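# Structure assessment
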Amino acid sequence: MTRQPSFYIPHGGGPCFFMPDPQGNWTSMAEFLRSLPARLPEPPKAILVVSGHWETEGFAFTGAETPALLFDYYGFPQHTYELRFDAPGAPDLASEAARLLREAGFTAGLDSQRGYDHGVFVPLKVSWPEAEVPVVEMSLDRSLDPALHLAAGKALAPLRDQGVLIVGSGMSFHNMRGYGNPASTAPSQTFDAWLTAAATSDAETRAAALTGWAEAPGGRFSHPREEHLLPLMVAAGASEAAGEKVYSDLVLGTAISAFQFN
């Protein structure tokens, strides 16, 4: 079985890809998400998605056979609360992922009640609209410790050799007050340049840089709270190879990027 890469992807704003977008704010991001299957060496056996919208004590994985959808966004048109994404769960993968983390010294368990939040079903509905690939969602540890999440990614790396695609789902810029504000463009680009240099470095240099992301130029402006950046740590930690920037654009006036790790 061919080793799968890992990715850090943007999941957009709420159900943005399933609403009218006359200004084309989300066009390039949607095109990138649609390209994901073609970027893989072969179709994945399953997808493990680390979402910026689920935090727990320790790590947790969705354990249901058929997870429901969590419409954890507010104030959008009614039809966006009727979206379907019927990807099956993968309880065996969830158990294996939890086992790998526990063997590495982490606290990890299963949540058989948790459904897919919009950090999972919104981008995957764009990338895999047929929803035929099994999906497991992984939480962030509530500590939001970057080194911890890098180490968790390293512990999960063997899954890639089992045909599992690891996806960190967040946004490389996530200052809600900054979107659409022209004053955000320059600091977001400064942080994006730093993040690109960090993510595309060798694994040791990358880990050291990402652990200290909050001191990066534009870091705290771009992420007043880091939950949308932490999925990157898991994706990066799951690879020993230098990352590659595979998407970048100005979205609502802010620099947003995605990275692939082989």
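Given the structure is predicted, the values throughout are model-derived calculations rather than measurements.

Cut-offs and rules
Residues numbered from 1 in each chain as written. Predicted model: local features only at pLDDT ≥ 70, side-chain atom pairs only at ≥ 80, totals over all residues. Heavy atoms only, no water. Helix = DSSP H or I, 4+ residues; strand = E, 2+ residues; numbered from the N terminus. Expected span 1.5 Å × (residues − 1). Buried < 20%, exposed > 50% of the residue type's maximum accessible area, 1.4 Å probe, protein only. Arc of directions from axis to C-beta. Contact = heavy atoms within 4.5 Å. Salt bridge = Lys/Arg side-chain N within 4 Å of Asp/Glu carboxyl O. Pairing = 2+ DSSP bridges. Axes fitted to C-alpha atoms, helices over the stretch in contact; angles between N-to-C directions. Left-handed = near helix turned anticlockwise from the far one by under 90°. Nonpolar A, V, L, I, M, F, W, Y, C, P; charged D, E, K, R; others polar.

### A closer look at helix α5 (residues 185-199)
Between its terminal C-alpha atoms α5 stretches 20 Å, which fits the 21 Å expected from 15 residues at 1.5 Å a residue. Looking only at α5, the buried set comprises T185, S188, F191, D192, L195, T196, A198 and A199. Buried residues in α5, looked at end-on, bunch into an arc of 160 degrees, giving them a common side. Residues of α5 that are buried make contact with α6 (203-211), α7 (219-222), α8 (230-237), β7 (243-251) and β8 (254-261).

### A look at the pattern of salt bridges
Between side chains of opposite charge, a pair can form when the charged atoms approach closely. Across all of its chains, the model carries eleven salt bridges by this definition. The residue E57 makes a salt bridge to R142 at a minimum N-O spacing of 3.3 Å. Taken together, the positions of E57 in the loop between β2 (46-56) and β3 (59-62) and R142 in the loop between β5 (135-141) and α4 (146-156) put the pair 85 residues apart, joining distant regions of the chain. Its salt-bridge partner being R99, residue E96 comes within 2.7 Å of it at the nearest N-O pair. Highlighted residues: E96 and R99, both in helix α2 (residues 91-103), separated by three residues, approximately one helical turn.

### Some details on the environment of M233
Looking at where M233 falls in the secondary structure, it is placed in helix α8. As for M233 and L150, which are separated by 83 residues in sequence, their C-alpha atoms are 4.7 Å apart.

### Some thoughts on the pairing of β7
Where β7 lies against β8, eight bridges are found, and the strand directions are antiparallel. Across the sheet, the residue bridging to D249 is I256, located in β8. Between β7 and β8, which follow one another and run antiparallel, lie two residues, and L252 among them has a positive phi close to 55 degrees.

### Considering the packing of α4 against α6
In contact at an axis separation of 8 Å, α4 and α6 are set at 145 degrees when each is read in the N-to-C sense. For α4 against α6, the interelement crossing comes out right-handed. Within the contact between the two elements, α4 uses P146, A147 and L150 and α6 uses A207, L210 and T211. When its residues are assigned to classes, the contact of α4 with α6 shows five nonpolar, one polar and no charged.

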